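One-letter residues, chain by chain:
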Amino acid sequence: MQNTKLLLTSFTFVGLLALAGCSFPGVYKIDIQQGNVVTQDMIDQLRPGMTRPQVRFIMGNPLLADTFHADRWDYLYSLQPGGGERQQERISVIFNSNDQLVSLSGDFMPGVSRDEAILGKDSGTTVTAPAENTDKPEAEKPAKPGSLLDQIQKDVDGVETVPVPTPEPLDTSPQ
């Protein structure tokens, strides 16, 4: 009788320990976002020669403004989808002694879209010369009227483009 109680108690204890380490199905885990959200559109608006206030207007306040590297701002963003693997992106904006934008470094580069990588297209920077005697691609067939593609095309055709102003260099001559 006493051996049965001891055996039952030990099985119960081991079972509780096993359940404590398991995640129960159906438990919602939140997405954890930290840092500055940086998009490719924001990077594409940056131009060499922009001042710090102009960069701050486009990108927002930097996450890291290092005292020892006053000419560099760091923008970090991390996302951990509910229980998934953490993804992190980084961009550093570097200024010269006149507080003008000189260069960028990090995961985003001007003109390089991450959408191509997601859609499976090669986003490498290699340029190949066009082959001679190539056949011309077939013209795209127009979308059927009233279809989703037709609606999307109408929306795209109706978008007005707004040019991004480029800053003029500052006049440094004495007045």
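Above this text sits the structure in question.
A brief report on the enclosed structure follows. Not measured: the values here are computed from a predicted model.

### Looking at the overall build of the chain
And step 1. A count of helical and extended segments in the chain gives five helices and five strands.
And step 2. For the chain, the proportion of its 175 residues judged to be buried stands at 15%.
And step 3. Sequence separation of at least 24 residues holds for 43% of the intrachain contacts in the chain that already meet a minimum separation of 6.
And step 4. Of the roughly 14800 Å² of accessible surface on the chain, 57% is carried by carbon and sulfur atoms.

### As for helix α3 (residues 52-59)
And step 1. Buried within α3 are the following residues: R52, V55, I58 and M59. All buried residues of α3 project into a common sector of 125° when viewed along the axis, lining one side. The exposed set on the far side of α3, more than 90 degrees from its buried face, consists of P53 and F57.
And step 2. Summarising the contacts, the buried residues of α3 are in contact with α2 (40-45), β3 (72-80), β4 (87-95) and β5 (101-106).
And step 3. In the stretch just after α3, G60 is the one whose phi turns positive, near 90°.

Cut-offs applied
For every chain, the first residue of the written sequence is number 1, and numbering continues from 1 onward in sequence order. Local features are withheld for residues below a pLDDT of 70 in this predicted model, meaning they are given only at 70 or higher, and side-chain atom pairs are given and counted only at 80 or more; totals for whole chains, interfaces and linings count all residues. Side-chain measures were taken over the full set of non-hydrogen atoms in the model, leaving aside hydrogen atoms and water. Think of it this way: any DSSP run of H or I at least four residues long counts as a helix, any run of E at least two long counts as a strand, and we number them from the N terminus. When a residue's accessible area, from a 1.4 Å probe over protein chains only, is under 20% of the maximum for its type it is buried; when over 50% it is exposed; and in between it is partly exposed. Whether two residues are in contact is decided by their heavy atoms: any pair within 4.5 Å suffices. Values of accessible area rely on a 1.4 Å probe in the Shrake-Rupley scheme; residue burial ignores everything except the protein chains shown. To be clear, the arc concerns the directions from the helix axis to the C-beta atoms.

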